[in-house]
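# Descriptive structure summary
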Amino acid sequence: MSAIADVIKTRISANNYDTERRLSDQEIADLIDLATHAPSAFNLQNWRFIAVRSEEAKVRLLPLAYGQQKVMDSAVTFIVCGTLNPQETISASLKPSMDAGVIDKAVYDMWVGAAQGMYAENPQLQRDEAIRSGSLAAMTLMLAAKGRGLDSTPMIGFDPAAVAQAFNLSAVEIPVMLVTVGYPGETNWPQKPRKAVNEVLQFV
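Residues numbered from 1 in each chain as written. Predicted model: local features only at pLDDT ≥ 70, side-chain atom pairs only at ≥ 80, totals over all residues. Heavy atoms only, no water.

An unreviewed UniProt entry lists the chain under the name Nitroreductase family protein, from Pseudomonas folii. We quote the UniProt Sequence similarities (unreviewed entry) comment for the chain here in full: "Belongs to the nitroreductase family." (UniProt positions renumbered as here; feature names shortened; annotations may be inferred.)

This is the structure:
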(Lines give C-alpha, C1' and ligand atoms only; values in the text may rest on other atoms or scores of the structure.)
Protein backbone atom coordinates (compact mmCIF):
# COMPACT_ATOMS: atom_id res chain seq x y z
CA MET A 1 0.00 0.00 0.00
CA SER A 2 1.29 3.46 -0.86
CA ALA A 3 1.93 6.01 1.87
CA ILE A 4 -1.09 8.12 0.92
CA ALA A 5 -3.36 5.07 0.72
CA ASP A 6 -2.19 4.05 4.19
CA VAL A 7 -2.95 7.53 5.55
CA ILE A 8 -6.45 7.47 4.03
CA LYS A 9 -7.28 3.96 5.21
CA THR A 10 -6.00 4.44 8.77
CA ARG A 11 -7.36 7.95 9.46
CA ILE A 12 -10.00 7.91 12.17
CA SER A 13 -12.33 10.39 13.81
CA ALA A 14 -10.93 10.45 17.34
CA ASN A 15 -12.81 10.97 20.58
CA ASN A 16 -9.81 10.41 22.83
CA TYR A 17 -6.52 12.33 22.85
CA ASP A 18 -3.29 12.16 24.82
CA THR A 19 -3.71 15.21 27.06
CA GLU A 20 -0.03 15.23 28.02
CA ARG A 21 1.25 15.93 24.52
CA ARG A 22 0.90 19.34 22.90
CA LEU A 23 1.80 20.86 19.53
CA SER A 24 4.10 23.82 19.11
CA ASP A 25 2.98 26.92 17.25
CA GLN A 26 5.31 25.91 14.43
CA GLU A 27 3.81 22.41 14.22
CA ILE A 28 0.35 23.95 14.03
CA ALA A 29 1.48 26.39 11.35
CA ASP A 30 3.04 23.51 9.38
CA LEU A 31 -0.30 21.67 9.39
CA ILE A 32 -2.06 24.73 8.03
CA ASP A 33 0.62 25.17 5.39
CA LEU A 34 -0.30 21.70 4.13
CA ALA A 35 -4.04 22.38 4.45
CA THR A 36 -3.72 25.40 2.16
CA HIS A 37 -2.64 23.11 -0.66
CA ALA A 38 -6.28 22.01 -0.97
CA PRO A 39 -7.99 22.90 -4.24
CA SER A 40 -10.42 25.80 -4.59
CA ALA A 41 -12.35 27.24 -7.52
CA PHE A 42 -10.20 29.69 -9.52
CA ASN A 43 -7.54 29.12 -6.81
CA LEU A 44 -9.61 31.48 -4.65
CA GLN A 45 -8.11 30.06 -1.44
CA ASN A 46 -11.20 31.40 0.32
CA TRP A 47 -10.52 29.96 3.76
CA ARG A 48 -9.18 30.96 7.16
CA PHE A 49 -8.24 28.97 10.25
CA ILE A 50 -8.43 29.88 13.93
CA ALA A 51 -6.24 27.62 16.09
CA VAL A 52 -7.90 27.26 19.49
CA ARG A 53 -5.05 25.99 21.64
CA SER A 54 -4.83 28.07 24.83
CA GLU A 55 -6.68 26.88 27.93
CA GLU A 56 -8.74 30.09 28.01
CA ALA A 57 -9.81 29.74 24.38
CA LYS A 58 -10.69 26.06 24.85
CA VAL A 59 -12.88 26.91 27.84
CA ARG A 60 -14.57 29.59 25.72
CA LEU A 61 -15.20 27.14 22.87
CA LEU A 62 -16.34 24.15 24.97
CA PRO A 63 -19.95 25.21 25.66
CA LEU A 64 -20.33 26.40 22.06
CA ALA A 65 -19.39 22.85 20.99
CA TYR A 66 -22.05 21.46 23.31
CA GLY A 67 -19.55 20.33 25.95
CA GLN A 68 -17.65 17.86 23.78
CA GLN A 69 -14.58 17.01 25.86
CA LYS A 70 -12.29 16.50 22.88
CA VAL A 71 -12.19 20.29 22.51
CA MET A 72 -10.36 20.40 25.85
CA ASP A 73 -8.29 17.23 25.45
CA SER A 74 -6.94 17.71 21.92
CA ALA A 75 -3.82 19.77 21.33
CA VAL A 76 -5.71 22.22 19.13
CA THR A 77 -9.17 22.72 17.68
CA PHE A 78 -9.25 24.52 14.37
CA ILE A 79 -12.23 26.67 13.48
CA VAL A 80 -12.19 26.17 9.72
CA CYS A 81 -13.83 29.06 7.92
CA GLY A 82 -14.83 29.63 4.32
CA THR A 83 -14.95 33.23 3.18
CA LEU A 84 -17.54 35.15 1.18
CA ASN A 85 -17.09 37.80 -1.51
CA PRO A 86 -14.43 35.86 -3.44
CA GLN A 87 -14.81 38.26 -6.36
CA GLU A 88 -13.21 40.92 -4.15
CA THR A 89 -10.15 38.83 -3.23
CA ILE A 90 -9.47 36.82 -6.37
CA SER A 91 -7.07 39.39 -7.83
CA ALA A 92 -4.75 39.11 -4.84
CA SER A 93 -5.15 35.32 -4.68
CA LEU A 94 -4.28 34.83 -8.35
CA LYS A 95 -1.48 37.37 -8.74
CA PRO A 96 1.27 35.09 -7.33
CA SER A 97 0.32 32.45 -9.92
CA MET A 98 0.64 35.00 -12.71
CA ASP A 99 3.91 36.37 -11.29
CA ALA A 100 5.31 32.83 -11.16
CA GLY A 101 4.32 32.16 -14.76
CA VAL A 102 1.82 29.44 -13.87
CA ILE A 103 -0.94 31.38 -15.65
CA ASP A 104 -0.62 34.23 -18.13
CA LYS A 105 -2.31 37.63 -18.08
CA ALA A 106 -5.09 36.46 -20.38
CA VAL A 107 -6.06 33.63 -18.03
CA TYR A 108 -5.73 35.94 -15.04
CA ASP A 109 -8.08 38.49 -16.57
CA MET A 110 -10.52 35.80 -17.69
CA TRP A 111 -10.73 34.21 -14.23
CA VAL A 112 -11.07 37.55 -12.44
CA GLY A 113 -13.90 38.50 -14.80
CA ALA A 114 -15.56 35.11 -14.46
CA ALA A 115 -15.47 35.30 -10.66
CA GLN A 116 -16.98 38.78 -10.76
CA GLY A 117 -19.77 37.57 -12.98
CA MET A 118 -20.45 34.40 -10.99
CA TYR A 119 -20.32 35.60 -7.40
CA ALA A 120 -20.96 39.35 -7.19
CA GLU A 121 -24.76 39.13 -7.34
CA ASN A 122 -25.13 35.57 -6.08
CA PRO A 123 -24.87 35.26 -2.28
CA GLN A 124 -26.01 31.64 -2.35
CA LEU A 125 -23.17 30.65 -4.69
CA GLN A 126 -20.74 32.59 -2.50
CA ARG A 127 -21.89 30.58 0.51
CA ASP A 128 -21.78 27.29 -1.40
CA GLU A 129 -18.23 28.08 -2.51
CA ALA A 130 -17.19 28.99 1.03
CA ILE A 131 -18.53 25.67 2.35
CA ARG A 132 -16.85 23.73 -0.46
CA SER A 133 -13.48 25.40 0.01
CA GLY A 134 -13.57 25.13 3.79
CA SER A 135 -14.51 21.45 3.59
CA LEU A 136 -11.71 20.64 1.13
CA ALA A 137 -9.22 22.46 3.34
CA ALA A 138 -10.50 20.63 6.43
CA MET A 139 -10.09 17.22 4.76
CA THR A 140 -6.60 18.12 3.62
CA LEU A 141 -5.80 19.23 7.17
CA MET A 142 -6.97 15.89 8.60
CA LEU A 143 -4.88 13.91 6.12
CA ALA A 144 -1.88 16.12 6.90
CA ALA A 145 -2.38 15.44 10.60
CA LYS A 146 -2.58 11.66 10.07
CA GLY A 147 0.57 11.79 7.97
CA ARG A 148 2.36 13.28 11.00
CA GLY A 149 1.15 10.64 13.45
CA LEU A 150 -1.73 12.72 14.78
CA ASP A 151 -5.43 11.98 15.06
CA SER A 152 -8.24 14.38 14.22
CA THR A 153 -12.00 14.78 14.28
CA PRO A 154 -14.29 16.85 12.06
CA MET A 155 -17.08 18.37 14.16
CA ILE A 156 -20.39 19.83 13.02
CA GLY A 157 -21.78 19.79 16.56
CA PHE A 158 -21.33 23.46 17.44
CA ASP A 159 -23.23 26.75 17.36
CA PRO A 160 -21.87 28.62 14.30
CA ALA A 161 -23.32 32.00 15.21
CA ALA A 162 -22.03 31.82 18.78
CA VAL A 163 -18.59 30.68 17.60
CA ALA A 164 -18.46 33.54 15.12
CA GLN A 165 -19.27 36.02 17.87
CA ALA A 166 -17.00 34.53 20.53
CA PHE A 167 -13.97 34.39 18.23
CA ASN A 168 -14.55 37.70 16.45
CA LEU A 169 -15.11 36.28 12.99
CA SER A 170 -15.85 38.88 10.36
CA ALA A 171 -19.16 39.06 8.51
CA VAL A 172 -17.58 37.32 5.50
CA GLU A 173 -16.22 34.34 7.48
CA ILE A 174 -18.45 31.26 7.79
CA PRO A 175 -17.40 28.65 10.37
CA VAL A 176 -17.69 25.50 8.25
CA MET A 177 -16.60 22.97 10.85
CA LEU A 178 -14.36 22.42 13.83
CA VAL A 179 -11.40 20.03 13.51
CA THR A 180 -9.72 18.74 16.66
CA VAL A 181 -6.12 17.56 16.27
CA GLY A 182 -3.74 15.91 18.70
CA TYR A 183 -1.77 12.84 19.62
CA PRO A 184 -3.97 9.73 19.86
CA GLY A 185 -5.34 8.50 23.16
CA GLU A 186 -5.77 4.85 24.09
CA THR A 187 -9.47 4.21 23.56
CA ASN A 188 -10.25 5.31 20.02
CA TRP A 189 -12.08 3.01 17.64
CA PRO A 190 -10.31 1.88 14.48
CA GLN A 191 -11.68 3.20 11.20
CA LYS A 192 -15.23 1.95 10.77
CA PRO A 193 -16.02 -0.28 7.76
CA ARG A 194 -17.08 1.51 4.58
CA LYS A 195 -19.78 0.63 2.07
CA ALA A 196 -18.70 -1.62 -0.76
CA VAL A 197 -17.52 0.22 -3.86
CA ASN A 198 -20.29 -1.33 -5.96
CA GLU A 199 -22.85 0.32 -3.66
CA VAL A 200 -21.53 3.83 -4.33
CA LEU A 201 -20.02 3.66 -7.83
CA GLN A 202 -21.88 3.76 -11.13
CA PHE A 203 -20.17 3.44 -14.50
CA VAL A 204 -21.85 5.22 -17.40
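Still more to cover.
Counting buried residues along strand 4 (residues 173–182), 10 of its 10 residues qualify, which places the element largely inside the surrounding structure. Pairing of strand 3 (residues 151–155) with strand 4 involves 5 bridges; the strand directions are antiparallel. The residue bridging Met155 from the neighbouring strand is Leu178, located in strand 4. (Buried < 20%, exposed > 50% of the residue type's maximum accessible area, 1.4 Å probe, protein only. Helix = DSSP H or I, 4+ residues; strand = E, 2+ residues; numbered from the N terminus. Pairing = 2+ DSSP bridges.)

Across all of its chains, the model carries 2 aromatic pairs by this definition. Seen in terms of ring centroids, Phe42 and Trp111 are 6.1 Å apart; in terms of plane orientation they differ by 65°. Their pairing is edge-to-face. Within this pair, whereas Phe42 is found in the loop between helix 2 (25–35) and strand 1 (47–52), its partner Trp111 is found in helix 6 (residues 105–119), the two being separated by 69 residues in sequence. A centroid spacing of 6.4 Å and a plane angle of 85° characterise the contact between Phe42 and Tyr119, whose relative ring orientation is edge-to-face. Here the residue Phe42 occupies a position in the loop between helix 2 and strand 1, and Tyr119 occupies one in helix 6, the gap between them amounting to 77 residues. One exposure class covers both Phe42 and Tyr119, and it is buried. Chaining the aromatic ring pairs together yields one cluster made of Phe42, Trp111 and Tyr119. The cationic tip of Arg21 hangs over the ring face of Tyr183; the distance from NZ or CZ to the ring centre is 3.6 Å. (Phe/Tyr/Trp six-rings, centres within 6.5 Å; stacked < 30°, edge-to-face > 60°. Lys NZ or Arg CZ within 6 Å of the ring centre and 35° of its normal.)

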